[in-house]
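Structural overview
Below, each chain spelled out in residue letters.
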Amino acid sequence: MDSEERYGDSGEPAARAANDLRVLIGRLRRRLKELDPPDWLTPTQLSVLSRLDSEGPASPGALASAERVRPQSMGATLAHLEERGLIERRTDADDGRRQVVSLTRQGDEGIRDSRRHRQEWLAQALRSHFSETELATVTEALALLDRLTRP
């Protein structure tokens, strides 16, 4: 595969960096996913729990919109999470026709344990693979990359 095929038409530095970053993020996501037990959660289920943890209770429709999935797909996701005791549904106090989804204690503990486990693995991997100088460089690069996520 030549540079033009791999990096787009120009092979210029931004295209090269974009490709390499995309590949790296994919590898890192797969590696972090491997840390969870095989029967833990799908990426969508984990994302819903994370969203409920960070943003608080939400309606199924709001979750579907935020996750960019059809309401029917979110319904299946929520049914699985509810079956596992990770979320609960209740009637919205302001609108009795609407349901609100929130984390259970088990869901809260599960998401926190998963995050802590991934964080510990990643911190140890950084310590074991990089010198202090390299870690400083990684930290600087992360600050730059963070700008990609800002409006």
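Residues numbered from 1 in each chain as written. Predicted model: local features only at pLDDT ≥ 70, side-chain atom pairs only at ≥ 80, totals over all residues. Heavy atoms only, no water.

1. Details of the overall build of the protein
Regarding its fold elements, the protein presents seven helices and two strands. Reading the protein from its N terminus to its C terminus gives the helix and strand order α-α-α-α-α-β-β-α-α. In terms of overall dimensions, the protein is more spread out than a globule: its C-alpha atoms have a radius of gyration of 20 Å, far above the 15 Å expected for 151 residues. Reported as C-alpha extents along the three principal axes, the dimensions of the protein are approximately 55 × 35 × 30 Å. (Helix = DSSP H or I, 4+ residues; strand = E, 2+ residues; numbered from the N terminus. Rg over C-alpha atoms; globule rule 2.2 N^0.38 Å.)

2. Quick look at the side chain of Thr77
Topologically, Thr77 is positioned in helix H5 (residues 71–83). According to the relative accessible area criterion, Thr77 is buried, its value standing at 12%. (Buried < 20%, exposed > 50% of the residue type's maximum accessible area, 1.4 Å probe, protein only.)

3. Quick word on helix H2 (residues 13–34)
Taking 1.5 Å per residue, 22 residues should reach 32 Å; H2 reaches 31 Å between its end C-alpha atoms and fits that length. What H2 keeps buried is the set Ala15, Asn19, Gly26 and Leu32. Down the axis of H2, the buried set is contained in an arc of 165°. They therefore lie on one face. What points out from H2, more than 90 degrees from its buried face, is the exposed set Pro13, Arg27 and Glu34. Two to three positions downstream of the cap, the backbone nitrogen of Ala14 sits 3.0 Å from a side-chain oxygen, assigning the N-cap of H2 to Glu12. (Expected span 1.5 Å × (residues − 1). Arc of directions from axis to C-beta. Polar contact = N/O pair within 3.5 Å; in protein donor to acceptor, adjacent residues only side chain to side chain.)

4. Regarding the nonpolar core
Grouped together as the largest cluster of nonpolar side chains are 17 residues, with contacts concentrated most on Leu49, Leu52, Leu63 and Ile87. It is helix H3 (residues 43–55) that provides the largest number of residues to this core, a total of four residues. When near neighbours in sequence (up to four residues on either side) are disregarded, Ile87 contacts Leu49, Leu52, Leu78, Leu81, Glu82, Val101, Ser102, Leu103 and Thr104. (Core = buried A, V, L, I, M, F, W, Y, C linked by side-chain atoms within 4.5 Å. Contact = heavy atoms within 4.5 Å.)

5. Details of the pattern of salt bridges
Counted under the stated rule, the structure contains 13 salt bridges. With its nearest N and O atoms 3.0 Å apart, the salt bridge here joins Arg112 to Asp108. Residue Arg112 and its partner Asp108 are both found in helix H6 (residues 105–129); the two are separated by four residues, about one turn of the helix. Take Arg112: its relative accessible area is 43%, and that puts it in the partly exposed class. The salt bridge partner of Arg116 is Asp113, with a shortest N-O separation of 3.1 Å. Placement of the pair is Arg116 and Asp113 together in helix H6, with a separation of three residues, close to one helical turn. Its relative accessible area of 45% is what places Arg116 among the partly exposed residues. Asp113 sits in the partly exposed class, given a relative accessible area of 40%. (Salt bridge = Lys/Arg side-chain N within 4 Å of Asp/Glu carboxyl O.)

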